[in-house]
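An overview of the molecular structure
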Amino acid sequence: MVILKSREEIELMRQSALVVSKTLGMLAREIKPGVTTLKLDQLAEEFILDHGTEPGFKGQYDYKYTLCTSVNEQVVHGLPTDKPLEEGDIVSIDCGALKNGFYGDHAYTFAVGEVAPEILELLKVTKESLYKGIEQMQAGKRVGDISFAIQYHTEKKHGYGVVRELVGHGLGRELHESPEVPNYGKRGRGPKLKEGLVLAIEPMINLGTHKVKQLPDGWTIVTQDARVSAHFEHDVAIVDGKPDILSTFDYVEEALEVVY
Ligand code: MG
Ligand code: MG
């Protein structure tokens, strides 16, 4: 069942989303060669608690961490570890926060130091595809319009692999609500988009094959060909028939020396 939100609820959801945006902005200054993803996880948890908010992922499906930290060929659901990040890595930081009973769920893929040009291009195109999907989030359109826009930009125009097994989702009092929002699909298909709908739109785009597998840890999703994967996520509401992005990359992009 799709749960539409009132204006008041959407404003509460904006607060939850912005806690995550600020957390990602704080982390943007910490992500450099030598830092461990476990350290980033601790910093994120402290930051979220200091803002009168609860980590949104911890305890969901027995998950133990505040962040999902997915390095290089890891697509999503990577577990924080004590292995230092290295120059040339990329890391998707996905973070949730629960405030006033509503979840924020928002992600950015960071370059660690200098990364190869083809990888920077993947990050840029994946982020562009997120905004192309968001543009379609208008009352009267359908989920497939979002899906198509993301797939067209990444797969058709750039030849990247669009992950099929994992998708975006509705967001609200639950971290994962209906409907599912695939990053591939056909225009004009799927559930209709209505005023008050809130979605977490999250393209997961691979440099090589779209095929993925899960590691034996039961969480981490990696590409089958071990080539890198990028992931960006925003929380978006339909207000006055149009997309209203509740989260923001402004805090991250203020902190980065090079914005891609
Ligand atoms: Mg997420
Ligand atoms: Mg999500």
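Note: the structure precedes this text.
In this text, all values refer to a predicted model and were calculated from it rather than measured experimentally.

It is worth spelling out the coordination of the magnesium ion (ligand 1) at this point. Of the protein atoms, only Asp94 (OD), Asp94 (OD), Asp105 (OD) and Glu233 (OE) coordinate the magnesium ion (ligand 1), at distances of 2.0 to 2.4 Å. Look at where the donors of the magnesium ion (ligand 1) fall in the sequence and you get D-x10-D-x127-E. Here the magnesium ion (ligand 1) and the magnesium ion (ligand 2) are spaced 3.1 Å apart, with Asp105 acting as a shared donor. With Asp105 in strand β5 (residues 102-111) and Glu233 in the loop between β13 (229-231) and β14 (234-239), this pair connects stretches of sequence that are 128 residues apart. Exposure class is identical for Asp105 and Glu233. Each is buried.

What follows concerns the side chain of Glu233. Within the buried core, Glu233 has no salt-bridge partner, and the shortest N-O distance to an opposite charge, that of Lys5, equals 13 Å. Excluding residues within four positions of it along the chain, Glu233 makes contact with Asp94, Asp105, His106, Ala107, Leu130, His169, Ala200, Ile201, Glu202 and Phe249.

With that out of the way, let us pick up the pairing of strand β2 (residues 67-71). Two faces, one strand: in a regular strand the side chains alternate between the faces of the sheet. Burial analysis of β2 places 5 of its 5 residues in the buried class, the great majority of the element. Examined bridge by bridge, β2 and strand β4 (residues 90-99) share 5 bridges and lie antiparallel to one another. For Thr69, the partnering residue across the bridge sits in β4 and is Ile93.

On to the nonpolar core. Ranked by internal contacts, the top residues of the largest apolar core, which has 55 residues, are Leu27, Ile31, Ile93, Tyr108, Phe110 and Ile201. With near-sequence residues (within four places) excluded, Tyr108 lies in contact with Leu24, Val91, Ser92, Ile93, Lys127, His231, Phe232, Phe249, Val252, Glu253, Leu256 and Tyr260. Formed by 14 residues, the second largest nonpolar core is a distinct cluster that contains Ala17, Leu171, Leu175 and Ala237.

So, on to the sheet that holds strand β7 (residues 168-170). Pairing is antiparallel across the open sheet formed by 5 strands, whose spatial order is β8-β7-β9-β14-β15. Looking at strand neighbours, the two that pair on one side only are β8 (177-181) and β15 (242-245), the edges of this open sheet. Taken over all neighbouring pairs, the strand axes of this sheet differ in orientation by 30 degrees on average, direction set aside. Sheet topology places β14 next to β15; 4 bridges connect them, and they run antiparallel. Note that in β15 the partner of Val239 across the bridge is Lys242. Together, β8 and β9 (198-201) form the strand contacts of helix α4 (residues 143-156), whose direction differs from that of β8 by roughly 40 degrees.

Before going further, it helps to spend a moment on the sheet that holds strand β3 (residues 74-76). In space, the 3 strands of this open sheet follow the order β3-β12-β11, with antiparallel pairing throughout. For this open sheet the edge positions go to β3 and β11 (212-214), each flanked by a neighbour on one side alone. Strand-to-strand, the axes of this sheet are offset by a mean angle of 40 degrees, without reference to chain direction. With 2 bridges connecting them, β3 and strand β12 (residues 221-223) associate as antiparallel partners. Its bridge partner being in β12, Val76 is matched across the sheet by Ile221.

Looking now at the layout of surface pockets. By volume, the largest pocket amounts to about 490 Å³. Lining the largest pocket we find 24 residues, and of these Tyr61, His77, Leu166, His169 and His176 sit closest to its centre. Mapped onto the lining of the largest pocket, the elements with two or more residues apiece are β7 and β8. For the lining of the largest pocket, the element with the most residues is β8, which contributes 4 residues. Split by residue class, the lining of the largest pocket holds 11 nonpolar, 7 polar and 6 charged. Each pocket or cavity is described by its volume, and for the second largest pocket that value is around 400 Å³. Forming the boundary of the second largest pocket are 15 residues, of which Ala111, Gly113, Leu256, Glu257 and Val258 lie nearest the centre. Tallied by class, the residues present in the lining of the second largest pocket amount to 10 nonpolar, 1 polar and 4 charged.

Across all of its chains, the model carries 8 aromatic pairs by this definition. With 5.7 Å between their ring centres and 70 degrees between their planes, Tyr63 and Tyr65 make a pair best called edge-to-face. Note on Tyr65: relative accessible area 22%, which makes it partly exposed. Among the aromatic residues, those joined into a cluster by ring pairs are Tyr108, Phe110, Tyr131, Phe232 and Phe249. One Lys or Arg, Arg164, reaches over the ring of Tyr184 and ends 5.1 Å from the middle of that ring.

Cut-off values and rules
Residues numbered from 1 in each chain as written. Chains lettered and ligands numbered in written order. Predicted model: local features only at pLDDT ≥ 70, side-chain atom pairs only at ≥ 80, totals over all residues. Heavy atoms only, no water. Donors = N, O, S within 2.8 Å, 3.2 Å for Na, K, Ca; no water. Helix = DSSP H or I, 4+ residues; strand = E, 2+ residues; numbered from the N terminus. Buried < 20%, exposed > 50% of the residue type's maximum accessible area, 1.4 Å probe, protein only. Lys, Arg positive; Asp, Glu negative; His and termini not counted. Salt bridge = Lys/Arg side-chain N within 4 Å of Asp/Glu carboxyl O. Contact = heavy atoms within 4.5 Å. Pairing = 2+ DSSP bridges. Core = buried A, V, L, I, M, F, W, Y, C linked by side-chain atoms within 4.5 Å. Axes fitted to C-alpha atoms, helices over the stretch in contact; angles between N-to-C directions. 1 Å grid on protein atoms, 1.4 Å probe; cavity = no way out; pocket = protein on both sides within 12 Å on 5 of 7 lines; lining within 4 Å. Points joined across faces, edges and corners; volume = space filled by probe spheres on them. Nonpolar A, V, L, I, M, F, W, Y, C, P; charged D, E, K, R; others polar. Phe/Tyr/Trp six-rings, centres within 6.5 Å; stacked < 30°, edge-to-face > 60°. Lys NZ or Arg CZ within 6 Å of the ring centre and 35° of its normal.

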